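Working through the structure, step by step
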Amino acid sequence: MSILVGAQTRLLVQGITGREGEFHSRAMLEYGTQIVAGVTPGKGGQAAVDGRVPVFDTVADAVAQTGADAACIFVPAAFAPDAMLEAADAGIPLVICITEGIPALDMLRVHHVLRAQGVRLIGPNCPGVTTVGGAKVGIIPGDIHRAGPVGLVSRSGTLTYEVVQAMTDAGVGQTTCVGIGGDPIVGTTFIDVLQMLNADPKTEAIVLIGEIGGDEEERAADYCAREVRKPVAAFIAGRTAPPGRRMGHAGAIISGGAGTAESKRQALQAAGVRVADSPSQIPALLRDAGVR
Amino acid sequence: MGDHPFCPQEGEVKLQEYRSKEILARYGVPVPDGETATNPHEAREAAGRIGGPVVVKAQVLVGGRGKAGGVKLAATPDEAAARAEEIIGLQIKGVTVRTVLVAPAARIAREYYLGLILDRGGQTGTIIASAEGGVEIEETAKTDPEAILRLPLHPLIGLQEHQVRRVAFFLGLPAELRKDFGATLRGLYAAFMESDADLAEINPLVMTDEGRLEALDAKIVLDDSALFRHPELESLRDLREEEPSEIAAREAGINFIKLDGSIGCMVNGAGLAMTTMDLVKLAGGEPANFLDIGGGAKADRVAAAFRIILDDPNVQAILINIFGGITRGDEVAHGIVEARASLGRQVPMVVRIVGTNATEAAEILRAANLITAESLDDAARKAVAAAGSQA
């Protein structure tokens, strides 16, 4: 099982002929991900990544001819909102957007349109999703993983790699690792992924990696207390970050007391989550919780 | 990555009060006439043109201006000049006042709060309104949450008329002001959307003795991811209140915040950069900065990061933590060694590189007399020890 992506995923890459798109498509293919199509408007008919992936002008064409069922987006920020909408309109049920720097108000519209269409959006500004031994979609380095029973969800990029590496080094393997992205508006939240990992029979324990700002971690803690019966370990970055240069009075009113590392750590601890002081402590916390 | 509450480079560009008011006025929000002045002479002239009593207000982006003596009333142009003399040059939370806004003094009957913010929890824009406007609004939010209305906007169709009515009734506005209020809220909404703002707030929105609405103070915070389509707004950014080192970093494509400790940090990725700072603290040290060098760790950016870190005389050691992932570790190591050779000031450096060819990277670093570390915890401990031996 695992969640979101796997060996069966038929991936389409939007922006596959760009520098980033091609580089990471090659790494995804090396991992074993089935990339069935690439899309770059005006380059339909060509073949990308050393001739291994057929390129189409539109996502609709690519889906009709290849049966792609997931999209990974590498197009520049100014065009990424349109790329997400194009994937959704072509009937793709899972869209993973790596692009960073997309205007928040654009994301607001895209997020709600995709939700109304029943499309699962991961990101934007995220490292992607890897199901260990199944498929890697995005930019998470493939060789840091080891197969095992722990699912992971994170708001961060390289910090995720750090934690995964620490787990792998300690012999604690993973099912699926999901980077949800750090932007104000993201398609998928901690709670969405917690729900999926909680329901996944292969996942025995969960790691949550958060950071200061917003109240997503506090909400996730509340969800863990109510719904999650698997052990959860967490790390929150930013304990030493200086107090925020806040956004006017409205920011303080919206956030209440939430947002600091201490508020998040306390909320998680109160929910029975094991909270680490350093990424290197995560494997031991998982072992304590009975993970083999 | 993303919207960090403490990374102004990522996500927020605050505009001064007078700039914010200029934008709101264009959208039909009633803003009192005002003029900026950078010396007492200009303040006197401005007050003379305005006529009658004026208020002289420091234009700084930090809060608490009023309490710091940055807002003063003046009955005559000569008094306005005297007040401007007092305020210009004043230090407010470390920021020197260089500009004041001279505006007609309003006779205030009621003060309201009216704001629009991008609410990441609610995943939409939200109206925030209160009949208890003024500087104590945050306190009110804590002690009397019922006094604050939070009204989410429809993400696809935006502000609706029934919402405008609901806010007007919540504020208890006199019937004859509801029409003007509608224009004000619709104007605030249009300014928020069309400027790609993260925040647009009027505090206070006042009802004057004569029964008119006026936006006495305003603040707009722009989404810097959207500045590419607002070249006219980019020029409104006030660089004078930013750390020169932070401006230099932004120009080099580096996300940097100066702090007070002695251990300079150079990391790729914001979350990992914060974690590195946390572990320095856990090991008994104090980070000198937050620095996210971004993807790839290219040689020119590494060199720029060194310059920015070493510009801070408090820095006694540098901790470099690069999770290369797909990037080749030996290339990053070469980049670090080359950049270091061109530095004027040398401090101990602890380098940890993870990723492809990490072993080769470690050899390159050791050959160049840099301290290497296997784990992040180890790197933090070594950096703290190295800084201690320098002090």
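What counts, and where the lines are drawn
- Residues numbered from 1 in each chain as written.
- Chains lettered and ligands numbered in written order.
- Predicted model: local features only at pLDDT ≥ 70, side-chain atom pairs only at ≥ 80, totals over all residues.
- Heavy atoms only, no water.
- Helix = DSSP H or I, 4+ residues; strand = E, 2+ residues; numbered from the N terminus.
- Rg over C-alpha atoms; globule rule 2.2 N^0.38 Å.
- Buried < 20%, exposed > 50% of the residue type's maximum accessible area, 1.4 Å probe, protein only.
- Contact = heavy atoms within 4.5 Å.
- Areas by Shrake-Rupley, 256 points an atom, 1.4 Å probe, with all protein chains shown as cover.
- Lys, Arg positive; Asp, Glu negative; His and termini not counted.
- Charge placed at Lys NZ, Arg CZ, Asp CG, Glu CD.
- 1 Å grid on protein atoms, 1.4 Å probe; cavity = no way out; pocket = protein on both sides within 12 Å on 5 of 7 lines; lining within 4 Å.
- Points joined across faces, edges and corners; volume = space filled by probe spheres on them.
- Nonpolar A, V, L, I, M, F, W, Y, C, P; charged D, E, K, R; others polar.
- Domains from an automatic or database assignment.
- Buried area = accessible area lost by both parts, 1.4 Å probe.
- Salt bridge = Lys/Arg side-chain N within 4 Å of Asp/Glu carboxyl O.
- Polar contact = N/O pair within 3.5 Å; in protein donor to acceptor, adjacent residues only side chain to side chain.
- Core = buried A, V, L, I, M, F, W, Y, C linked by side-chain atoms within 4.5 Å.
- Pairing = 2+ DSSP bridges.
- Phe/Tyr/Trp six-rings, centres within 6.5 Å; stacked < 30°, edge-to-face > 60°.

Along chain A, the regular secondary structure elements total 10 helices and 14 strands. Expected size for 292 residues packed as a compact globule is a radius of gyration near 19 Å; at 19 Å, chain A falls within 12% of this value. Considered along the principal axes of its C-alpha atoms, chain A spans approximately 55 × 50 × 30 Å. The buried share of chain A, taken over its 292 residues, is 63%. A separation of at least 24 residues holds for 73% of the contacts in chain A among residues at least 6 apart in sequence. With the model as given, the accessible surface of chain A reaches about 9900 Å², and the carbon-plus-sulfur share is 50%. The centroid of the 24 positive side-chain charges in chain A is displaced by 5 Å from the centroid of its 29 negative side-chain charges.

Let us look at the overall build of chain B. Per the secondary structure count, chain B includes 13 helices and 19 strands. With respect to the three principal axes, the spread of C-alpha positions in chain B is 80 × 50 × 40 Å. Counting over 391 residues, chain B shows a buried share of 58%. Long-range pairs, those at least 24 residues apart, make up 67% of the contacts in chain B with a sequence separation of at least 6. Working note: accessible area of chain B is about 15600 Å², and carbon and sulfur atoms make up 50% of it.

To continue, consider empty space enclosed by the protein. Across all of its chains, the model carries three cavities of 30 Å³ or more by this definition. The calculated volume of the largest cavity comes to roughly 90 Å³. Along its surface, the largest cavity is lined by R155, I180, G181, D183, P184, V186, T189, D215 and E216 of chain A together with R120, G121 and Q123 of chain B. Here the residues of the lining of the largest cavity sort into three nonpolar, four polar and five charged. In this structure, the second largest cavity encloses a volume near 60 Å³. Taken together, L105 and L108 of chain A together with T124, G125, L153, H154, P155, G158, Y189, F192 and M193 of chain B make up the lining of the second largest cavity. Of all the secondary-structure elements, those providing two or more residues to the lining of the second largest cavity are α4 (104-116) of chain A together with β9 (124-130) and α6 (178-194) of chain B. Among the elements that make up the lining of the second largest cavity, the one with the highest residue count is α6 of chain B (three residues). Here the residues of the lining of the second largest cavity sort into seven nonpolar, four polar and no charged.

As a further point, take the domain arrangement of chain B. Residues and elements named next belong to chain B. Looking at chain B, the domain boundaries give domain 1 (1-31 + 107-242), domain 2 (33-105) and domain 3 (244-390). Distance from the C-alpha centre of domain 1 to the C-alpha centre of domain 2: 23 Å. Across the boundary between the two partners, domain 1 contributes 13 residues, which contact 14 residues of domain 2. Summed over the three residues of domain 1 that lose the most area to domain 2, namely Y18, R240 and E241, the buried surface amounts to 43% of that side. For the interface between domain 1 and domain 2, the tally reads three salt bridges. Along the contact surface separating domain 1 from domain 2 lie nine residue pairs in polar contact (both at pLDDT 80 or more). Sorting elements by how many residues they give to the side of domain 1 that touches domain 2 places helix α1 (residues 17-26) first, with three residues. Looking at the side of domain 1 that touches domain 2 residue by residue, the classes come out as four nonpolar, one polar and eight charged.

Pairing between side chains of opposite charge can happen when the charged atoms of each approach one another. Applying the stated criterion across every chain, the model contains 35 salt bridges over all chains. A salt bridge links R26 of chain A to D50 of chain A, with the shortest nitrogen-to-oxygen separation between them at 3.0 Å. Of the two residues, R26 of chain A is situated in helix α1 (residues 19-31) and D50 of chain A in the loop between β3 (47-48) and β4 (53-56); the sequence distance between them amounts to 24 residues. Residues R107 of chain B and D209 of chain B are paired through a salt bridge, measuring 3.4 Å at the closest nitrogen-oxygen approach. Of the two residues, R107 of chain B sits in the loop between β7 (100-104) and β8 (108-119) while D209 of chain B sits in the loop between β11 (197-208) and β12 (213-215), which places them 102 residues apart along the sequence. Within the structure, one salt-bridge network assembled from shared partners comprises E17, K21, K57, R65 and D217 of chain B.

What follows deals with the nonpolar core. In this structure, I96, M167, V207, I282 and L286 of chain A are the most contacted members of the largest nonpolar core, which totals 96 residues. Every residue in contact with L286 of chain A, bar those within four places of it in the chain, is listed here: V150, M167, V172, A205, I206, V207, A233 and V291 of chain A. In this structure, A37, F56 and I102 of chain A together with L116 of chain B belong to the second largest nonpolar core, which totals 74 residues.

With that settled, consider the pairing of β8 of chain B. Residues and elements named next belong to chain B. As paired elements, β8 and β11 share eight bridges and run antiparallel to each other. Residue I108 lies in a different strand from β11, and its bridge partner there is T208. As paired elements, β8 and β9 share seven bridges and run antiparallel to each other. Across the sheet, residue L118 finds its bridge partner in β9, namely G125. What sits between the antiparallel neighbours β8 and β9 is a turn of four residues, in which Q123 has the positive phi angle 55 degrees.

Before going further, it helps to examine the interface of chain A and chain B. If you look at the interface, chain A gives 65 residues, while chain B gives 66 residues. Across the chain A to chain B interface the summed buried area is about 5300 Å²; carbon plus sulfur atoms make up 64%. The interface formed by chain A and chain B contains two salt bridges. Our count for the contact surface shared by chain A and chain B stands at 12 residue pairs in polar contact (both at pLDDT 80 or more). Those elements that provide at least two residues to the side of chain A that touches chain B are α1, α4, α5 (158-169), β13 (232-237) and α8 (248-255) of chain A. Ranked by residue count, the leading element in the side of chain A that touches chain B is α4 of chain A, at eight residues.

Here we take up the domain arrangement of chain A. By convention, interface size is frequently given as the accessible area that disappears when the constituent parts associate. All names here are of chain A. By the assigned domains, chain A splits into domain 1 (11-122) and domain 2 (140-288). On a C-alpha basis, the centres of domain 1 and domain 2 stand 27 Å from each other. In this complex, domain 1 contributes nine residues to the contact, which on the side of domain 2 involves 11 residues. The junction of domain 1 with domain 2 conceals about 830 Å² of combined surface from both sides, 61% of it contributed by carbon and sulfur atoms. D192 is the salt-bridge partner of R120, the closest N and O atoms lying 3.5 Å from each other. Here domain 1 is connected to domain 2 by two residue pairs in polar contact (both at pLDDT 80 or more). Looking at the side of domain 1 that touches domain 2, the elements that each hand over two or more residues are α4 and β7 (120-122). By residue class, the composition of the side of domain 1 that touches domain 2 is seven nonpolar, one polar and one charged.

This brings us to the packing of aromatic side chains. Under the defined criterion, the tally for this structure stands at one aromatic pair over all chains. Arranged with centres 5.8 Å apart and planes meeting at 65 degrees, the rings of Y161 of chain A and F323 of chain B form a pair that is edge-to-face. Here Y161 of chain A, found in helix α5, pairs with F323 of chain B, found in strand β17 (residues 317-328), and the two come from separate chains. The same class applies to Y161 of chain A as to F323 of chain B, namely buried.

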